[in-house]
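Understanding the architecture of this molecule
As a plain string of letters, each chain reads:
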Amino acid sequence: IEAAQIEKDLAVLEKQQLLQSLTLQGIQGYYLTAFSRKSIRIKEEQLHNFKQMLEQTMLRKQAGSATNFDYLNTNAGLQAVKSELIALGAEKEKQYINLGMLADTTISDNTPLSLYFIRKQEKRSLEELITFALENRMEMKIMRKNIELAHLQKKTADRSFNPTLSAGISGGFNNGYEPNINKLRANFAVGATLEVPLYEGGKRKQNIGLANAQINKSTATLTLTEKEITRQVADSYFTLVSAAASLEQLKVQDLVSQEAYQQARTNYQAGTLTNLELVTSATNATNARLLLLQEEINYQIAWYGLLVNLGILIYNTDGN
């Protein structure tokens, strides 16, 4: 009975483990899909700006204030953005398929996918996080249950060929006895059985040996699992720390790049900036926005990854 209960607990833990994995995959798929869609919008804005720049360059070329190189350089930048949009469109469709498979639904451009970021910081030390994970990770709980189950199997093997004594009693009513065949009479029977195995062919020893081997295997697996969980938590922790630092730096880079682009447009209109410098500034501003968005998503995925590695459930308690 104890073994059956442990097997039931194992089934529950394995289900939770599966739900954790699917939920994390769903989160990753969601943010990557939303990133693909947002990236296309940013690139479309860049394409619109390049078209305006190309028109201005054409007018300047006709007026003699811009060279053919300026026109070709702007046009080359525009064509590069178009190529990037084609690649981003293909990547978006792939993400739609992957997310649709995870969510068991159809994902399209009409599906609302908002980029909502939860900026939480982990204040516990790495040692505290590792200790927490070793207590709460489902893999550790499964390993402990397996060890407990192996000890029960050993106990069962040790008792499997012991002498057994069974007893039973039965009772009821019968009729059909002469001379009153219709009269009911009470009757009962009592019995006892003693079984003493005379020879079991070494099965007890073999079963105990197998049970001990299973205990050793489960214990060794537990040790390896502890090391792997320690590595995973450390990796998630430093990934999150790195993403947080990079995020702050990219915010500054994005702000500076946007200001530089606005200043470049003003200077270009005033004739104090070359076409090449304007194109470079526009490209830098767009790339800075994309890098910042990518790092926001990296931080968010790293945060959920850390929760999973700590053994904290990230799906709803009702299983949705």
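Data block above holds the structure.
To start, this report covers the structure provided alongside it. It should be emphasised that the depicted structure is a prediction, and the values quoted were computed from it without experimental measurement. (Residues numbered from 1 in each chain as written. Predicted model: local features only at pLDDT ≥ 70, side-chain atom pairs only at ≥ 80, totals over all residues. Heavy atoms only, no water.)

Attention now moves to the packing of helix α1 (residues 2–63) against helix α4 (residues 138–159). Put simply, α1 and α4 touch, their axes get as near as 10 Å, and they point 160 degrees apart. When the axes of α1 and α4 are compared, the pair comes out roughly antiparallel. Judged by the twist between their axes, the crossing of α1 over α4 is left-handed. Two secondary-structure elements touch here, α1 through E2, A3, I6, E7, D9, L10, L13, E14, Q16, Q17 and Q20 and α4 through M138, E139, K141, I142, K145, N146, E148, L149 and L152. (Axes fitted to C-alpha atoms, helices over the stretch in contact; angles between N-to-C directions. Helix = DSSP H or I, 4+ residues; strand = E, 2+ residues; numbered from the N terminus. Parallel < 35°, antiparallel > 145°, perpendicular 65-115°, else oblique. Left-handed = near helix turned anticlockwise from the far one by under 90°. Contact = heavy atoms within 4.5 Å.)

Between its first and last C-alpha atoms helix α6 (residues 275–310) spans 52 Å; for 36 residues at 1.5 Å apiece the expected length is 52 Å, and the two agree. The buried fraction of α6 is high, at 26 of 36 residues. Count one or two residues on from α6 and you reach G311, which has phi positive near 90 degrees. (Expected span 1.5 Å × (residues − 1). Buried < 20%, exposed > 50% of the residue type's maximum accessible area, 1.4 Å probe, protein only.)

Residues other than glycine seldom take positive phi values, yet D104 does so here, at roughly 55 degrees. Note on placement: D104 falls in the loop between α2 (68–103) and α3 (126–136). The exposure class assigned to D104 is exposed, which follows from its relative accessible area of 72%.

This paragraph deals with the layout of surface pockets. The computed volume of the largest pocket comes to approximately 300 Å³. Secondary structure elements with two or more residues in the lining of the largest pocket: α1 and α2. Take the lining of the largest pocket: its biggest share by element is 5 residues, from α1. A per-class count over the lining of the largest pocket returns 7 nonpolar, 3 polar and no charged. Of the voids in this model, the second largest pocket is the one considered here, and its volume is about 160 Å³. Residue lining of the second largest pocket: Q17, Q20, S21, L24, R137, M138, E139, Q232, V308, N309 and G311, and that is the complete set. At the level of elements, α1, α4 and α6 are the ones that each hand at least two residues to the lining of the second largest pocket. Among the residues making up the lining of the second largest pocket, the classes are represented as 3 nonpolar, 6 polar and 2 charged. (1 Å grid on protein atoms, 1.4 Å probe; cavity = no way out; pocket = protein on both sides within 12 Å on 5 of 7 lines; lining within 4 Å. Points joined across faces, edges and corners; volume = space filled by probe spheres on them. Nonpolar A, V, L, I, M, F, W, Y, C, P; charged D, E, K, R; others polar.)

Counted according to the given criterion, the structure contains 2 aromatic pairs. Measuring from centroid to centroid gives 5.6 Å for Y30 and Y31, while their planes differ by 80 degrees, and the two rings are edge-to-face. Assessed through its relative accessible area of 6%, Y31 is described here as buried. Judged by centre distance (5.2 Å) and plane angle (80 degrees), the ring pair of Y237 and F238 falls under edge-to-face. Residue classification places Y237 among the buried positions, given a relative accessible area of 19%. Geometry around Y268 places R60 over its ring, the cationic atom sitting 4.1 Å from the centre. In this structure, R124 packs its charged tip against the face of F132, placed 5.0 Å from the ring centre. (Phe/Tyr/Trp six-rings, centres within 6.5 Å; stacked < 30°, edge-to-face > 60°. Lys NZ or Arg CZ within 6 Å of the ring centre and 35° of its normal.)

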